[in-house]
Amino acid sequence: MATTDAQIERVRELVASVPAGSVVTYGDLAAAAGLSSARTVGWIMRTDSADLPWHRVIGASGRPAPHLTNSQLAKLDAEGVPINDGRVDVRRARFALPE
């Protein structure tokens, strides 16, 4: 099923709502936006997130993508997100999105 413009905009709105010092997972965003796959959120973030706080979106494991590790962790650390051994403590930093 194709991703609609409304779904893309919903993901963008949700990402924009994540406050500094917090993170959400791709799966959190997919559930809140009514998408069937976290991979769809990844595609949206890869193609349409330059003006968003993209660094606040993380995989469920807490590890950033290898090509983003340094920049993402630096941005999150500057916001006070708890990071242990290169991994975000998702349980402590997770922002509850509206369903």
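Residues numbered from 1 in each chain as written. Predicted model: local features only at pLDDT ≥ 70, side-chain atom pairs only at ≥ 80, totals over all residues. Heavy atoms only, no water.

Undergrad: Teacher, can you tell me more about the overall build of the protein chain here?
TA: A tally of helices and strands in the protein chain yields five helices and four strands. When its helices and strands are written in sequence order, the protein chain yields α-β-α-α-β-α-β-β-α. Taken over C-alpha atoms, the radius of gyration comes to 13 Å for the protein chain, in line with the 13 Å a tight globule of 99 residues would show. C-alpha atoms of the protein chain, sized along the principal axes, occupy 40 × 25 × 20 Å. A buried classification covers 41% of the 99 residues belonging to the protein chain. Pairs at least 24 residues apart make up 61% of the contacts formed inside the protein chain by residues separated by at least 6 positions. Accessible surface, the protein chain as shown: approximately 5,600 Å² in total, 50% of it carbon and sulfur. Of the charged side chains in the protein chain, 11 are positive and 11 negative, and the gap between their average positions amounts to 7 Å. (Helix = DSSP H or I, 4+ residues; strand = E, 2+ residues; numbered from the N terminus. Rg over C-alpha atoms; globule rule 2.2 N^0.38 Å. Buried < 20%, exposed > 50% of the residue type's maximum accessible area, 1.4 Å probe, protein only. Contact = heavy atoms within 4.5 Å. Areas by Shrake-Rupley, 256 points an atom, 1.4 Å probe, with all protein chains shown as cover. Lys, Arg positive; Asp, Glu negative; His and termini not counted. Charge placed at Lys NZ, Arg CZ, Asp CG, Glu CD.)

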